[in-house]
Amino acid sequence: MIREVTMILHDYEIDPKYTTCVAYFSMEFAIHQALKIYSGGLGFLAGSHMRSAYDLRQNVVGVGILWSFGYYDQSRHEDRSLEAEFIRKHYYFLEDLGIQATVHLHSQDVYIKAFYLPANIFSSAPMILLSTDIPENDFLARTITHKLYDNNEETRISQEIVLGIGGVKVLDALRQPIDIYHMNEGHAMPLVFELYAKYQNMDEVKKRVVFTTHTPEDAGNEQHNINLLHKFGFFDGLQLDTVRSIMKMENDEMFNLTIGALRSSKITNAVSKMHGEVANRMWLDCVGRSEIIHITNAQNRRFWTDGGMLTALDDHEDYALIGRKKHLKRELFNVVADQTGKMFNPDVLTIVWARRFAEYKRPGLLKHDFARFKKLLERKEKPIQVIWAGKPYPFDTNAVNAFNELIHISHGIKNMAVLVGYELELSRILKKGSDVWLNTPRVSREASGTSGMTASMNGSIHFSTNDGWHPEYAKHGINAFTIPEIDHTTPIEVQDREDNKNLMDILENEIIPMYYDHVEQWTQIMKNTMSDVIPAFDSGRMAHEYYVKMYTI
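Heads up: these notes are all about the structure in this document. (Residues numbered from 1 in each chain as written. Predicted model: local features only at pLDDT ≥ 70, side-chain atom pairs only at ≥ 80, totals over all residues. Heavy atoms only, no water.)

1. A closer look at the overall build of the protein chain
A tally of regular secondary structure across the protein chain gives 21 helices and 19 strands. Taken over C-alpha atoms, the radius of gyration comes to 23 Å for the protein chain, in line with the 24 Å a tight globule of 553 residues would show. With respect to the three principal axes, the spread of C-alpha positions in the protein chain is 70 × 50 × 45 Å. Going through the 553 residues of the protein chain one by one, you find that 62% of them count as buried. (Helix = DSSP H or I, 4+ residues; strand = E, 2+ residues; numbered from the N terminus. Rg over C-alpha atoms; globule rule 2.2 N^0.38 Å. Buried < 20%, exposed > 50% of the residue type's maximum accessible area, 1.4 Å probe, protein only.)

Encoded structure:
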C-alpha cells in the first residue's frame, strides 16, 4: 500500500549548478542536538553534508531513519561508571507526510511512515525520516526503528531493508524525480534491488547509484549469510540465483554489503587521500567493482566555528583571540565542574581526546606508560589538564571497560576528567574549549576522522598520528603536531609502546614548553590552524566535489 502525493521538499531556490536531484541515504545524521538520530563520526559527516547542501542550495534530500530511542543516552551508575539508557524521544518539529509505504519483510508486510524535516528548521537540506514504530505494525515490526545499530542481527538486517527499499518507495510515493541515489556506507544496499526490480538491468541501476565507503575496518564492512538476507527480503523478492548473478557472488555464502555496493555503483569514493590508497589495495581483487576515487571528508564551518574566534582571527587581534579562547575554556570547565566536581584552570594547557570509543582509535594510548602519564599529570610547573569523552558501543564490553577504566583512574587525579553525554553540543563545547585535540588511531585504520577538523576551526591544535585526513593538512610545529610514523608491521604491543613514547616526547619537549614559554609562537600556530583548515576542510568544498566528481559524471 502506497499513498502517493506530489510534494516540493525544498523551501529554497536550487542553484543552477546543482540541479541534479540526489537522495542521500545514511543510517545516521547529526543535524542538531535536539534530533538524536546519530552515534558518531558517520552521522557528524552526514550532518555537515546536509548543512552545506543547504548553504550551496543543492538539490539534495537526506533519507534516514527516525530512531525512537536514538543510539543511547549516556549517563552514570551510582559508582560513576557508564550507564546506557534508552529513553523514547518525541519530536514536535517534524511533519507527518501522511503517506505510508510497505516493505515485505520476513514474509509479512511492514508499514513505514515518513516524517519530513523542512530545510528551514535547522538550516539543512530537507530530510525524510522513516519509522516502523506505528500502530499499524505488530510489536516486533515496531522495534525495527527503535535503536540505531541494534545488536540483534535480524533487527539490523530489517533496519537496512527499511532504509534502502522503504526509502526508495517513499521517494516514489512523494513523486520525487531522483537522478542519483547516494549510499553513505553500505547500510542502504537494499535500494539497489528495489531499483533493479524497476529497471531490470544492472547497467541502468549503476547509472543512478554512487557509494561512499568509510572504513578500512572489518567490523565496518558488514556481512551476513546470503540465505538469511534472502529469507528476510533484503533482495526485494528477487530469486537468489538472480542475486548471485548480478552481484557476481555465485559461490559466496556470505554477502558483504561493501562488496555489493562497490559492484552496484557507477563510482565509489573513499574519504581521504590515504584512505583512497588503502581502499584500492583492500578491494583490488573485487571483480566488477566501480572505480574508487577519494573525496576527503569535511565539516561545516557555519555550524562548528565559534564566531568570536573567527572575528578575532579576521581582525588580526591576537589579544582578542587569546581572550576568547580562555572564555571558551571556562565554558568547557563549567561542564567539567558540573559532571565531576573538579575545577579546571583556563590558564593551564588543556588536552582533549573525544570521539567514538573504538579499540583501533586507542583512547588509552596517552596513559600506556602509566608511571610517566601520572608523573606528567602531577607536575606543578607547567601543568596540564586532560579530558576524555565519547560513546563506546553499549554492547561492546571491551569498549565500555576502556571507558570505565579511565573513569576509575580519574577518581585519583584532580586534573583528569571523563565526561558523559557526548553528543553534538558537548562535542562543540570540547572543540571550542580545548588547546590540543589528541587523535591516536593506528595508522591506516582511520579512514578520515573529522573531529580534528572542527577542533582546528576553533584554534585547538591537532596532535595526531599521521592517518586519515591529517597528512593532507598537517605541517608539524606550524599548524599541527604529528606523532612520527613507525613500522606498522610490528606487533600491536610494540606499536603502542613506540607511539606512546613518541607522543609523550613531543608533548613534554615541544608542546608544553611552547604553550608556556613561547606564547606568541603558540598563538601563531592557533591562527595557522584556523586559517589552513578552511576552506580545504569546510564541507562546502566536499559537497561541491560530490556533484562534480560523482553525481554529474
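2. Side note on the sheet that holds strand 2 (residues 60-65)
In spatial order, the strands read 5-6-7-2-1-8-9-12-13; together these 9 strands make up an open sheet with mixed pairing. Whereas interior strands pair on both sides, the edge strands pair on one side only; in this sheet they are strand 5 (95-105) and strand 13 (292-294). The sheet shows a mean angle of 25 degrees between the axes of neighbouring strands, taken without regard to direction. The sheet contact formed by strand 1 (residues 22-25) and strand 8 (residues 180-184) spans 4 bridges and is parallel. When the bridges of strand 8 are listed, Ala-23 appears paired with Tyr-181. Sitting on the sheet, helix 5 (residues 190-199) touches strand 1, strand 8 and strand 9 (209-212), and the angle it makes with strand 8 is about 160 degrees. (Pairing = 2+ DSSP bridges. Axes fitted to C-alpha atoms, helices over the stretch in contact; angles between N-to-C directions. Contact = heavy atoms within 4.5 Å.)

3. Here's the deal with the packing of helix 13 (residues 318-340) against helix 20 (residues 519-533)
Two numbers describe how helix 13 lies on helix 20: the axes approach to 11 Å, and their chain directions differ by 80 degrees. Overall, the two elements helix 13 and helix 20 adopt an arrangement that is roughly perpendicular. Seen from helix 13, the contacting residues are Asp-318, Leu-321, Ile-322 and Lys-325; seen from helix 20, they are Val-519, Thr-523, Met-526, Lys-527 and Met-530. Split into classes, the residues belonging to the contact of helix 13 with helix 20 amount to 5 nonpolar, 1 polar and 3 charged. (Parallel < 35°, antiparallel > 145°, perpendicular 65-115°, else oblique. Nonpolar A, V, L, I, M, F, W, Y, C, P; charged D, E, K, R; others polar.)

4. Some thoughts on the environment of Asp-538
Relative to the assigned elements, Asp-538 resides in the loop between helix 20 and helix 21 (539-551). Distance from Asp-538 to Ser-264, taken between C-alpha atoms, is 29 Å for residues 274 residues apart in sequence. Those residues in contact with Asp-538 that sit more than four places away from it in its chain are Ala-298, Gln-299, Asn-300, Arg-301, Met-457 and Val-533.

5. Let's talk about the pattern of salt bridges
Close approach of charged atoms lets side chains of opposite charge pair. Scanning all chains against the criterion turns up 33 salt bridges. Put simply, Arg-372 and Asp-505 hold a salt bridge, and the shortest N to O gap is 2.7 Å. Residue Arg-372 is located in helix 14 (residues 370-378), and its partner Asp-505 is located in helix 19 (residues 492-517); the two are separated by 133 residues in the primary sequence. The exposure class assigned to Asp-505 is partly exposed, which follows from its relative accessible area of 21%. The structure contains a network of salt bridges with shared partners spanning Glu-359, Arg-362, Arg-442, Asp-496 and Asp-499. (Salt bridge = Lys/Arg side-chain N within 4 Å of Asp/Glu carboxyl O.)

6. Section: the packing of helix 13 against helix 16 (residues 424-433)
At a minimum axis distance of 8 Å, the contact between helix 13 and helix 16 shows a crossing angle of 135 degrees. Accordingly, the angle class assigned to the pair helix 13 and helix 16 is oblique. As for how helix 13 packs across helix 16, the hand of that crossing is left-handed. Contacts between helix 13 and helix 16 involve Lys-325, Leu-328, Lys-329, Glu-331, Leu-332 and Val-335 on the former and, on the latter, Leu-426, Ile-429, Leu-430, Lys-431, Lys-432 and Gly-433. When its residues are assigned to classes, the contact of helix 13 with helix 16 shows 6 nonpolar, 1 polar and 5 charged. (Left-handed = near helix turned anticlockwise from the far one by under 90°.)

7. What to know about helix 4 (residues 153-173)
Between its first and last C-alpha atoms helix 4 spans 29 Å; for 21 residues at 1.5 Å apiece the expected length is 30 Å, and the two agree. In helix 4, a bend of some 35 degrees at Gly-166 exceeds every other bend along the element. Extensive coverage of helix 4 is indicated by the burial of 18 of its 21 residues. Two or three places before Glu-154, at the opening of helix 4, Asn-152 has a side-chain oxygen 2.9 Å from that residue's backbone nitrogen. Backbone geometry just downstream of helix 4 places Arg-175 in the positive-phi region, at approximately 55 degrees. (Expected span 1.5 Å × (residues − 1). Bend = angle between axes of the 7 residues up to and from the residue. Polar contact = N/O pair within 3.5 Å; in protein donor to acceptor, adjacent residues only side chain to side chain.)

8. Notes on the packing of aromatic side chains
Tallied over the entire structure, the rule returns 35 aromatic pairs. With centroids separated by 5.6 Å and ring planes inclined at 55 degrees, the aromatic side chains of Tyr-91 and Phe-93 adopt a geometry described as tilted. Taking the relative accessible area as the measure of exposure, Tyr-91 reaches 14% and is therefore buried. A residue is classified by how much of its surface remains accessible, and Phe-93, at 24% relative accessible area, is partly exposed. Taken together, the ring pairs connect Tyr-71, Tyr-72, Phe-86, Tyr-149, Tyr-393 and Phe-395 into an aromatic cluster. One cation-aromatic arrangement involves Lys-391 over Tyr-72; the distance from NZ or CZ to the ring centre is 5.0 Å. Over the ring of Trp-304 we find Lys-431; its NZ or CZ atom is 4.3 Å from the centre of that ring. (Phe/Tyr/Trp six-rings, centres within 6.5 Å; stacked < 30°, edge-to-face > 60°. Lys NZ or Arg CZ within 6 Å of the ring centre and 35° of its normal.)

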